[in-house]
Amino acid sequence: MGTILNPLNIHVYRPAPLRAPHKHRCTVYFLTELLLLCDWSDSVICGSFSTPPPQHTPYLIGVGRADCTGPPADVPMMGYANPQQTAAGIHTRLYSRAFIVDDGKRRVVFVTADIGMVSQRLRLEVLQALQVKYGDLYQQDNVVLSGTHTHCGPGGYFQYTLFMITSGYMKAAIEPLVNGIVKSIDIAHNNMKPGRIYRNRGELDDSSLNRSPHSYLNNPEEERRRYKWNTDKQVLVLKFTDQDGDGIGMISWFAVHAVSMNYTNRMVSSDNMGYASYLLEQDKNPGGLPGQGSFVAGFSSSNLGDVTPNTRGPYCVNTGLPCDYLNSSCPIGGTKMCQAFGPGEDMFESTRIIGHNVYLKAKELYANAVEEVTGFIHHAHQWVNMTDVTVQINETHTVRITCKPALGHSFAAGTIDGGGDLNFTQGAVEGDPFWDGIRDALLGQPSNQTKECHHPKPILLSTGEMNWPLPWHPQIVDVQMITIGSVAVVAVPGEMTTMSGRRLREAVKEELESEGTLKDMEVVIAGLSNVYTHYITTYEEYQVQRYEGASTIYGPHTLSAYLQKYRGLARAIAQDRVSELPAGPQPPFFTENLFNFVPLALFDRKPENMSFGDVLEEVYPVYRQGDVVTVTFVAGNPRNSGDIRDKTFVTVEIFDNRTETWEVVHNDASWETRFHWLKGSNWQSNATVEWQIPPTALAGSYRIKHFGHYKELKGLQPVITPYEGSSDVFTVTASFYYE
């Protein structure tokens, strides 16, 4: 028996087609009205039709992709909160990928961007820009912005003090993100056409590991028995096609941290999820450079809170011995020495392996996706004061279950993907008099009420009680959900752990299906969406107070509060009463006291008797496939190049003997290139370009070019001037030896 899904999500069963003899069968089903559905075997005509008529009106679908790469020099990267990790080049570019679906009555937008997370400030600026362009068409209710969670993108796009301390607020950093996200939505908006959506799901093993298994084991045994793994292995794919069945895009969700590139990396990188997008888009847009072509492949984050891609697990890097299981530390060196690695021999290979695994599974699911998504579109959104969520305990009394934000001691310990520099360890349920004394002297002591509310978390930073020069953490957060037929996307403003995500998906599915109008709902979590609020553990995991629990900022009942709020959204959708939901208190948009600690990009200097773009270290004359070509140029500070979207610092070019022209085969968005910027003394800097020659590279004559800008003082005015440089021509050949 096969299943037809119609716009009302009513299941209609049909017999499997007969192979012989060639006869058609028409079956009449009575639903709310008479529907005539025809079943064909092979190519026999039923009535006056030569092909089966569509069972429902197609959606209007648009997809778009745009460069959102920010300054690749000096700016702190967002993710590891490591002050030494400032940008110094480009590994891969960052892209925003937008998907718009319209059912004729409602429209939703889903964006997945190659950034650490979507901040509240970024979302508000994007929504303001959309309001100017489109009026009320795209608003907070129907636009979901999600981050892939790469830890190697520029920071500088936050408005709360804690995040500004580590990465600041910089117009030069947030504008490329806002403009890139809006441009991807523009492209999707302008490309909308009738199409269809198909869903498929499968499991991907050997690409994720639970980094806090001790916390996971604190969940009820009965609950844990329901699941085979302590991480979610499922991959969900939505396949978008036009009316002719030709693919136009795909979204995939898989729960794993984008931390294959570790905190020693200083090149802007989209990490493993970005590489998966790169591979699928190269597949579907053959012959184009990265970022080109109409097919858009988005790989989105999910409930990845306790999930690492470093599948070889943690060990003490200074001794080679296992880390302490309970607190992930080493006898010598503490948490900093306890690091997880793998599956590759270095971070680049690990990124390639994990990204390739995710790409292969998504490609397989995409190719075999036949279950059509049909039905109406819904969207529901509320702003919630997460410091004041209450539950009804009886007819007359409510009790507040959430707290003012606070971070515990284990927050400072970091994780096996990047430990802290100080002597904090995971699993701390008692404070440290030394650090508590420093905190009290500098920032003030947490109130007794906050201490009691967060118990058993020993509070390191009582951020909800710290408001200078601006609040340290958000209080007003977005809760949001969109449904496209039988698929529900739950936009979560943080990092849910594996079990938290399972509970949320189950609760939302139950509510959506409670009225009987929505059936067979596939619920997926889109993490790092709309506003960043750190982690969301279960109550039981919170008690252990590893990094994730210490970073659950609204207290032990944070998950319960979110479950209540998302249940409310799901119930409103199921009952078609979304319009009755209160909007909630609007978040602030700060215009004063925003700050950053990034110094200005000053003037560039060059060695005597040389020019910007001159080669300092030249290429060899001959290389083979698999070799690495390296060339170093006199360079300016990349920040002086301003908005670098849709541009490149690097090209690898091959000479076409037929046309006697140079053709670009790679740029700085390509996986095969690496652009390193080295800031030297006396305002002088170099740029080193590497090209990892792929096995597929054609034999021929090549050159590598570098583009940039330098700033100099002319009179009393700063002047920025473009420059370019080129390596010598070199040959790529299959062998150094000729017969």
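Identification of the protein as Neutral ceramidase from Oreochromis niloticus is taken from an unreviewed UniProt entry. Listed in UniProt under the heading Sequence similarities (unreviewed entry), the comment for the protein reads: "Belongs to the neutral ceramidase family." Per UniProt, the protein has the following entry under Catalytic activity (unreviewed entry): "an N-acylsphing-4-enine + H2O = sphing-4-enine + a fatty acid".

Asker: Where do I start with the packing of aromatic side chains in this structure?
Answerer: Each aromatic ring pair is described using two quantities: the centre-to-centre distance and the angle formed by the ring planes. In total, this model carries 29 aromatic pairs according to the counting rule given. Ring plane angle 20 degrees and centroid distance 6.1 Å describe the contact between Tyr 702 and Phe 730, whose orientation is recorded as stacked. Taken together, the positions of Tyr 702 in strand E40 (residues 700-714) and Phe 730 in strand E42 (residues 730-733) put the pair 28 residues apart, joining distant regions of the chain. Through successive ring pairs, a cluster of aromatic residues spans Tyr 620, Tyr 623, Trp 691, Tyr 702 and Phe 730. The aromatic ring of Tyr 227 is capped on one face by Arg 502, whose charged end is 4.0 Å from the ring centroid.

Asker: What's the story with the environment of Gln 139 in this structure? I'm lost.
Answerer: The topology assignment puts Gln 139 in the loop between helix H1 (120-134) and strand E10 (143-147). In this structure Gln 139 comes out as partly exposed when scored by relative accessible area, which is 29%. Note: C-alpha distance between Gln 139 and Val 126 (13 residues apart in sequence) is 9.7 Å.

Asker: So what exactly am I meant to see when it comes to the layout of surface pockets here?
Answerer: Empty pockets left among the atoms are what a rolling probe the size of a water molecule brings to light. Of the pockets and cavities examined, the second largest pocket occupies roughly 780 Å³. If you go around the second largest pocket, you meet 30 residues; those closest to its centre are Val 665, His 666, Pro 694, Thr 696 and Ala 697. Within the residue set of the lining of the second largest pocket, elements represented by two or more residues are helix H6 (271-284), strand E36 (650-656), strand E37 (661-667) and strand E39 (685-692). Examining the composition of the lining of the second largest pocket, we find that 4 residues originate from one element, E37, more than from any other.

Asker: So what exactly am I meant to see when it comes to the UniProt feature "domain: Neutral/alkaline non-lysosomal ceramidase C-terminal" (unreviewed entry) in the protein here?
Answerer: The sites that carry the UniProt feature "domain: Neutral/alkaline non-lysosomal ceramidase C-terminal" (unreviewed entry) are, in the present numbering, residues 567-732. Between the C-alpha atoms that bound residues 567-732 the distance is 60 Å, and the span itself is 5% helix and 43% strand.

Asker: What is the right way to look at a nonpolar patch on the surface in this model?
Answerer: There is a patch of nonpolar side chains on the surface, built from Phe 434, Ile 438, Leu 442 and Leu 443 and spanning about 400 Å² of accessible area. Relative to the helices and strands, Leu 442 resides in helix H8 (residues 433-442). The exposure class of Leu 442 is exposed, given its relative accessible area of 68%.

Asker: Mind showing me how you'd approach the pairing of strand E5 (residues 59-67) here?
Answerer: Looking along a regular strand, one sees side chains alternate from face to face of the sheet. For E5, the tally of buried residues reaches 8 of 9 residues, placing the bulk of the element in the interior. With 3 bridges connecting them, E5 and strand E12 (residues 193-203) associate as antiparallel partners. Opposite Tyr 59, over in E12, you have Gly 195 as the bridge partner. In the sheet, E5 pairs with strand E8 (residues 95-102) via 8 bridges, with the strands oriented antiparallel. Counted as the bridge partner of Ile 61 is Val 101 from E8.

Asker: What is the right way to look at the domain arrangement of the protein in this model?
Answerer: How large an interface is tends to be reported as the accessible area lost when its parts come together. Each assigned domain of the protein is listed here: domain 1 (59-389 + 461-580) and domain 2 (614-733). The C-alpha-based centres of domain 1 and domain 2 are spaced at 33 Å. On the domain 2 side, the residues contacting the 28 residues of domain 1 number 24 residues. Summed over both partners, the interface of domain 1 with domain 2 comes to about 2,200 Å²; 58% of that surface belongs to carbon and sulfur atoms. In terms of surface lost to domain 2, no three residues of domain 1 exceed Asp 74, Arg 93 and Leu 289, which account for 24% of the buried area on that side. Here domain 1 and domain 2 share 4 salt bridges between them. As a salt-bridge pair, Arg 93 and Asp 668 come within 2.6 Å of each other at their nearest N and O atoms.

Parameters at a glance
- Residues numbered from 1 in each chain as written.
- Predicted model: local features only at pLDDT ≥ 70, side-chain atom pairs only at ≥ 80, totals over all residues.
- Heavy atoms only, no water.
- UniProt positions renumbered as here; feature names shortened; annotations may be inferred.
- Phe/Tyr/Trp six-rings, centres within 6.5 Å; stacked < 30°, edge-to-face > 60°.
- Helix = DSSP H or I, 4+ residues; strand = E, 2+ residues; numbered from the N terminus.
- Lys NZ or Arg CZ within 6 Å of the ring centre and 35° of its normal.
- Buried < 20%, exposed > 50% of the residue type's maximum accessible area, 1.4 Å probe, protein only.
- 1 Å grid on protein atoms, 1.4 Å probe; cavity = no way out; pocket = protein on both sides within 12 Å on 5 of 7 lines; lining within 4 Å.
- Points joined across faces, edges and corners; volume = space filled by probe spheres on them.
- Patch = residues over 30% accessible without salt bridge, like charges linked within 9 Å, V, L, I, M, F, W, Y side chains within 5 Å.
- Areas by Shrake-Rupley, 256 points an atom, 1.4 Å probe, with all protein chains shown as cover.
- Salt bridge = Lys/Arg side-chain N within 4 Å of Asp/Glu carboxyl O.
- Pairing = 2+ DSSP bridges.
- Domains from an automatic or database assignment.
- Contact = heavy atoms within 4.5 Å.
- Buried area = accessible area lost by both parts, 1.4 Å probe.

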